[in-house]
Amino acid sequence: MDTHEPTPLRAVALVCTLSPSPARSSSQLLAEQTMAALAAHGVTGTTIRIADHDVKPGVKTDMGHGDAWPEIRTAVLDADILVLSTPIWLGHPSSLAQRVLERLDAELSETDDEGRMLTYGKVAAVCVVGNEDGAHKVSADLFQGLNDVGFSLAPNAVTYWVGEAMQGTDFQDLDETPEATAGTTRTLAANTAHLARRLKSAPYPSSS
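About the thresholds
Residues numbered from 1 in each chain as written. Predicted model: local features only at pLDDT ≥ 70, side-chain atom pairs only at ≥ 80, totals over all residues. Heavy atoms only, no water. Helix = DSSP H or I, 4+ residues; strand = E, 2+ residues; numbered from the N terminus. Rg over C-alpha atoms; globule rule 2.2 N^0.38 Å. Buried < 20%, exposed > 50% of the residue type's maximum accessible area, 1.4 Å probe, protein only. Contact = heavy atoms within 4.5 Å. Areas by Shrake-Rupley, 256 points an atom, 1.4 Å probe, with all protein chains shown as cover. Lys, Arg positive; Asp, Glu negative; His and termini not counted. Charge placed at Lys NZ, Arg CZ, Asp CG, Glu CD. Expected span 1.5 Å × (residues − 1). Core = buried A, V, L, I, M, F, W, Y, C linked by side-chain atoms within 4.5 Å. Salt bridge = Lys/Arg side-chain N within 4 Å of Asp/Glu carboxyl O.

S.K.: Please explain the overall build of the protein chain as it appears in this structure.
M.R.: Helix and strand content of the protein chain: five helices and six strands. When its helices and strands are written in sequence order, the protein chain yields β-α-β-α-β-β-α-β-α-β-α. Scaling as 2.2 N^0.38, a compact globule of 208 residues should have a C-alpha radius of gyration of about 17 Å, and the protein chain matches this with 16 Å. Projected onto its principal axes, the C-alpha positions of the protein chain cover 55 × 45 × 30 Å. Counting all 208 residues of the protein chain, 45% fall into the buried class. Long-range pairs, those at least 24 residues apart, make up 80% of the contacts in the protein chain with a sequence separation of at least 6. Approximately 10,100 Å² of the protein chain is accessible, and the part contributed by carbon and sulfur atoms is 52%. Taking the average location of the 15 positive side-chain charges in the protein chain and that of its 27 negative ones, the two points are 5 Å from each other.

As structure tokens, this is what we get:
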């Protein structure tokens, strides 16, 4: 842990694999590695697999009976850092990642007493896995959506792994994580924790 940055932080990772537990998931694995890297910077937290919960479609904070989003939303708002982890499907983030962004769209109308979105001061980061090229495009899509709904992004706020085109090896099937990905995950964690601490001590100005 960085002894010069003692402020405790919390993170929540939303894993948007299409496979519910207990199925193995590369998106889950990279999210867990990212959370471990954040822990080295004094960040604690939890990982939630969206496919395990009935997150209903919609753009409200609560879509009614049986909607699991309100509880997940509470975890997001209680955290300083949001990690969004997705596979690449047909060149895009998974449908569950898109659903998370759609549910976060409700935050545009949720503000504090000074007119700031409740997500202001929270920092987001992205994990992407897939067997084809496209990690930059997917992260760009998620970056734009996360920024629109009030999250801040540190430099190098994405870690990813993509395999060779037209082959079947998944990230979770590798004997060990490539150093390029592991190093990128460490950079993401260091920069994201740093920005989250700065925003916690110096909030954005009033929007009113």
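S.K.: Got a minute to help me understand helix 5 (residues 179-201) in this structure?
M.R.: Each α-helix winds once per 3.6 residues, and so residues spaced three or four apart point in a common direction. Across its 23 residues, helix 5 extends 33 Å between first and last C-alpha, which sits within 8% of the 33 Å expected from 1.5 Å per residue. The elements touched by buried residues of helix 5 are strand 1 (9-15), helix 1 (26-39), strand 2 (43-49), strand 3 (81-89), strand 5 (123-130) and strand 6 (152-162).

S.K.: I keep staring at the nonpolar core and nothing clicks. Help me out?
M.R.: Proteins that are soluble and globular tend to have nonpolar side chains buried together. Leu14 and Leu146 are the most contacted members of the largest nonpolar core, which totals 28 residues. Judged by nonpolar contacts, the second largest core, of 21 residues, contains Val15, Ile81, Trp161 and Phe171.

S.K.: Help me understand the pattern of salt bridges in this model?
M.R.: Pairs may arise between side chains of opposite charge once their charged atoms sit close together. Across all of its chains, the model carries nine salt bridges by this definition. Residue Arg103 pairs with Asp67 through a salt bridge whose shortest N-O separation is 2.7 Å. Placement of the pair is Arg103 in helix 3 (residues 95-104) and Asp67 in the loop between strand 2 and helix 2 (69-78), with a sequence separation of 36 residues. Connected through salt bridges with shared partners, the residues Asp112, Glu114 and Arg116 form a single ionic network.

Remember that the coordinates give geometry; whether it matters functionally is a separate question.
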